[in-house]
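Analysis of the macromolecular model
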Amino acid sequence: MSRIGKKPISIPKGVKVDIKDNIITVSGPKGSLTRNINPAVHIRTENEQVILSVDDSTKQLNSFHGLFRALI
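Now for a quick tour of the structure. The shown structure was predicted, so the numbers you read here are calculated from the model rather than taken from an experiment. (Residues numbered from 1 in each chain as written. Predicted model: local features only at pLDDT ≥ 70, side-chain atom pairs only at ≥ 80, totals over all residues. Heavy atoms only, no water.)

**Focus on the overall build of the protein**
Tallying secondary structure elements over the protein gives 2 helices and 6 strands in all. Helices (α) and strands (β) of the protein occur, in sequence order from the N terminus, as α-β-β-β-β-β-β-α. Its C-alpha atoms give the protein a radius of gyration of 12 Å, within 12% of the compact-globule value 11 Å for 72 residues. By principal-axis analysis of the C-alpha atoms, the protein measures approximately 35 × 20 × 15 Å. (Helix = DSSP H or I, 4+ residues; strand = E, 2+ residues; numbered from the N terminus. Rg over C-alpha atoms; globule rule 2.2 N^0.38 Å.)

**So, the pattern of salt bridges**
Counted by the stated rule, this structure contains 1 salt bridge. Arg44 is the salt-bridge partner of Glu46, the closest N and O atoms lying 3.1 Å from each other. Note on Glu46: relative accessible area 38%, which makes it partly exposed. Here Arg44 falls in the partly exposed class, since its relative accessible area comes to 39%. (Salt bridge = Lys/Arg side-chain N within 4 Å of Asp/Glu carboxyl O. Buried < 20%, exposed > 50% of the residue type's maximum accessible area, 1.4 Å probe, protein only.)

**A closer look at the nonpolar core**
Ile9, Ile11, Val17, Ile24, Val26, Ile37, Val41, Ile43, Val50, Leu52, Val54 and Phe68 form the largest nonpolar core, which has 12 residues in total. Listing elements by their share of this core, those giving two or more residues are β3 (23-28), β5 (41-46) and β6 (49-54). Per element, the largest residue contribution to this core is 3 residues, and it comes from β6. The residues contacting Ile11, other than those within four sequence positions of it, are Val17, Thr45, Glu48, Gln49 and Val50. (Core = buried A, V, L, I, M, F, W, Y, C linked by side-chain atoms within 4.5 Å. Contact = heavy atoms within 4.5 Å.)

**Digging into the packing of aromatic side chains**
By the definition in use, this model includes 1 aromatic pair. With a centroid separation of 5.8 Å and an interplanar angle of 35 degrees, the aromatic rings of Phe64 and Phe68 are classed as tilted. Remark: Phe68 and Phe64 occur in helix α2 (residues 59-71); sequence separation between them is 4 residues, near one turn of the helix. For Phe68, a relative accessible area of 10% translates into the label buried. (Phe/Tyr/Trp six-rings, centres within 6.5 Å; stacked < 30°, edge-to-face > 60°.)

**Thoughts on the environment of Asp18**
The topology assignment puts Asp18 in strand β2 (residues 16-20). The class of Asp18 is partly exposed, set by a relative accessible area of 36%. Separated by 19 residues in the primary sequence, Asp18 and Ile37 place their C-alpha atoms 13 Å from one another.

Following this line, the structure appears as structure tokens:
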């Protein structure tokens, strides 16, 4: 697993995160961001945090794991 990808992302107050069919939408007072996420990277929200995970540990998936965390 990617070291960067392992870290959860804290959701600040006033920010809304929607996850649907590998598309994540983050909306807040400064605008919104929508990203398509690779189906191999799983996203969930838990306790005001966004958590990413991958099933397999290949070099490419580790790269995607950290990339998508950084983009979010």
